[in-house]
Amino acid sequence: MYKILKLNNIASEGLSVFENGDYHLGDEVTSPDAILLRSFNMHEIDIPESVQAIGRAGSGVNNIPIDKLSELAIPVFNAPGANANAVKELALAAILIAARNIHRAMDYIHNLKRSDNLKSDIESVKKQYIGYELPNKTLGIIGLGSIGIKVANAGYDLGMKVLGFDPMITVDNAINLVPGVKKYNDLNEVLKNVDILSIHIPYTNETKDFISENEINLMKNSATIINLSREEIVNTDAVIKALDNKKLNTYVTDFPNESLIGNPDVLLLPHLGASTKEAETNCAVMVANSIKSYLESGDIINSVNFPDVSLVNDTKHRLTITNLNKPNIVGQFTSLLGKENININDLSHKNYKTIGYTILNLDKPISLKVIEQIEQIDGVIKTNIIS
Ligand code: MLT
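All of these numbers come straight from a predicted model, not from anything done at the bench. (Residues numbered from 1 in each chain as written. Predicted model: local features only at pLDDT ≥ 70, side-chain atom pairs only at ≥ 80, totals over all residues. Heavy atoms only, no water.)

## Comments concerning the site of the ligand
Here is step 1: Every residue close to the ligand is listed here: Arg-56, Gly-58, Ser-59, Gly-60, Asn-83, Arg-230, His-271 and Ala-274.
Here is step 2: Note that an oxygen atom of the ligand is positioned 2.9 Å from one of the side-chain N or O atoms of Arg-230.
Here is step 3: In the complex, 90% of the free accessible area of the ligand, which totals 260 Å², lies under the protein chains. (Near = heavy atom within 4 Å. Polar contact = N/O pair within 3.5 Å; in protein donor to acceptor, adjacent residues only side chain to side chain. Areas by Shrake-Rupley, 256 points an atom, 1.4 Å probe, with all protein chains shown as cover.)

Next up, the structure:
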């Protein structure tokens, strides 16, 4: 029986992945084998020693201590792309709302006093909220991952000129970009030209204050910035200053903070990017399947700190090994198993950043004595006998 601790509400479609009698799920489970969460801050809790895997039903993992979990050989799974359409749709809404001043106009109407002249008051004010249409305006996208490419393509379909910045774009994502979207490796070239900038990168140490005063100063006057990624990626003080001196026209963010609340030039949302029924279901199902595959077969699918490694599970005897990414380590496993007369029917090994991970399908059970010898190999962090 595997025990799964839930630290947030997870869509029922995802939880049903565990309904085969082999799992016990709950909000108060002790000694869990795996933890499922959404935005719960794991930096502030001790990780139970029993934990083998973490599943984040979403894409951002800044609420999870990834480095510490890598040291403990615990894979963290997320749901890349599962909420991309939801975020794309909110980004499009933000683009349209900002272009037509809808947030300002709505605030004005809601604050109108009752009067006999209501209709004429409304007609007379509309000239204050004249907006612009999207064709031929320039949309800049920072980050051409699963969300960024969708926003870029949709902007292009709306007639916008679209400039994308992502020096690390994957081949798959590059293929999926519509040909009219121009890719740049120089961020400044994008910033200089955009009317609207939409940011779609994860928050890491490297992306803190990615857009700050210098970057905003490069932008055209009266541009709009949309941040549905994470608060810290855009420097709030720089944004407020730029709004005050009319360098920026509008800032849209899914991450309100006290200094932004009440600013009429800021459109604030309560982290709604992935808040659709469809996205919550997709994320929960994707991450639940990854956790189940890992616990039951040792396969790694969609991990942020481990390489993706999977192998057909046509064996009675399977061993997985997590090690530090260093040369000549797999050779030591195979020669040790050979000396013990254990035949390797199939093997898959990959490295990712500091971690190496190996799945071995073996022809016979592996003894604890051999496991101990493997664990003594320099660089091995953890072994796991799956069957
Ligand atoms: C994500 O990172 O997946 C989104 O910001 C939504 C969420 O945190 O749940």
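From this point on, the discussion continues.
## Points about the sheet that holds strand E7 (residues 161-165)
Here is step 1: What the seven strands build is an open sheet, ordered E8-E7-E6-E9-E10-E11-E12; its pairing is parallel. Each edge of the sheet is formed by a strand with only one pairing partner; in this case those strands are strand E8 (182-184) and strand E12 (266-268). Each strand of the sheet is rotated relative to its neighbour by a mean of 15°, with strand direction disregarded. (Pairing = 2+ DSSP bridges. Helix = DSSP H or I, 4+ residues; strand = E, 2+ residues; numbered from the N terminus. Axes fitted to C-alpha atoms, helices over the stretch in contact; angles between N-to-C directions.)

## Concerning the sheet that holds strand E15 (residues 355-362)
Here is step 1: Spatial ordering of the open sheet is given by E14-E15-E13-E16, a layout of four strands whose pairing is antiparallel. Edge positions in the sheet fall to strand E14 (344-352) and strand E16 (380-385), since each has one partner strand and no second. Each strand axis lies, on average, 15° off the axis of its neighbour in the sheet, ignoring direction.
Here is step 2: Sheet topology note: the E14/E15 ladder contains eight bridges and is antiparallel.

## Some points on the pattern of salt bridges
Here is step 1: Scanning the model with the defined rule gives 14 salt bridges in all.
Here is step 2: Close ionic contact of Glu-213 with Lys-241 constitutes a salt bridge, the shortest N to O distance being 2.7 Å. Here Lys-241 lies in helix H10 (residues 236-244) and Glu-213 lies in helix H9 (residues 213-218), a separation of 28 residues in the sequence.
Here is step 3: Of the residues examined, Glu-213 reaches a relative accessible area of 35% and is grouped as partly exposed.
Here is step 4: Across the pair Arg-318 and Asp-299 runs a salt bridge whose closest N-O atoms are separated by 3.1 Å. Residue Arg-318 is located in strand E13 (residues 317-324), and its partner Asp-299 is located in the loop between helix H11 (277-297) and E13; the two are separated by 19 residues in the primary sequence. Asp-299 carries the same exposure label as Arg-318, and that label is buried.
Here is step 5: Look at the salt bridges and you will find they share partners, linking Arg-104, Lys-246 and Asp-265 into a network. (Salt bridge = Lys/Arg side-chain N within 4 Å of Asp/Glu carboxyl O. Buried < 20%, exposed > 50% of the residue type's maximum accessible area, 1.4 Å probe, protein only.)

## Concerning helix H6 (residues 146-157)
Residue pairs three or four apart in sequence face the same way in an α-helix, which turns once every 3.6 residues.
Here is step 1: Given a rise of 1.5 Å per residue, 12 residues ought to cover 16 Å, and the 17 Å separating the end C-alpha atoms of H6 matches this to within 8%.
Here is step 2: Within H6 the residues assigned to the buried category are Ile-147, Gly-148, Ile-149, Val-151, Ala-152, Asn-153, Ala-154 and Gly-155.
Here is step 3: As for H6, its buried residues are in contact with helix H3 (84-99), strand E6 (138-142), E7, helix H7 (171-176) and strand E9 (196-199). (Expected span 1.5 Å × (residues − 1). Contact = heavy atoms within 4.5 Å.)

## Digging into a nonpolar patch on the surface
Here is step 1: Together, Ile-109, Leu-118 and Ile-122 give the surface a local cluster of nonpolar side chains, amounting to about 210 Å² of exposed area.
Here is step 2: Within the fold, Leu-118 resides in helix H5 (residues 118-125).
Here is step 3: Residue classification places Leu-118 among the partly exposed residues on the basis of a relative accessible area of 36%. (Patch = residues over 30% accessible without salt bridge, like charges linked within 9 Å, V, L, I, M, F, W, Y side chains within 5 Å.)

## Observations concerning the packing of aromatic side chains
Given two aromatic rings, one states the distance between the centres and the angle between the planes to describe the pair.
Here is step 1: If you walk through the whole model with that rule in mind, you get six aromatic pairs.
Here is step 2: Relative to Phe-210, the ring of Phe-165 has its centre 6.4 Å away and its plane inclined at 40°; by these criteria the two rings are tilted. Here Phe-210 lies in the loop between E9 and H9 and Phe-165 lies in strand E7, a separation of 45 residues in the sequence.
Here is step 3: Looking at Phe-165, the relative accessible area reads 9%, which means it is buried.
Here is step 4: Three or more aromatic residues link up through ring pairs in this structure, and these residues are Tyr-2, Phe-18 and Tyr-23. (Phe/Tyr/Trp six-rings, centres within 6.5 Å; stacked < 30°, edge-to-face > 60°.)

## Some words on the pairing of strand E3 (residues 34-37)
Here is step 1: Burial of E3 is two-sided: the residues Ala-34 and Leu-36 facing one way and the residues Ile-35 and Leu-37 facing the other way are all buried.
Here is step 2: As paired strands, strand E1 (residues 2-6) and E3 are joined by three bridges and run parallel to one another. Directly across from Lys-6, in E3, lies its bridge partner Leu-36.
Here is step 3: By the bridge criterion, four bridges tie E3 to strand E4 (residues 53-56) in an arrangement that is parallel. Within the sheet, the bridge partner assigned to Ile-35 lies in E4 and is Ile-54.

## Section: helix H13 (residues 368-376)
Here is step 1: Taken together, the buried positions of H13 are occupied by Val-370, Ile-371 and Ile-374. Down the axis, H13 shows its buried residues gathered within 105° of arc, on one side only. Summarising the geometry of H13, the exposed residues directed more than 90 degrees from the buried face are Leu-368 and Gln-376.
Here is step 2: Taken together, the buried residues of H13 touch E13, helix H12 (330-339) and E16. (Arc of directions from axis to C-beta.)

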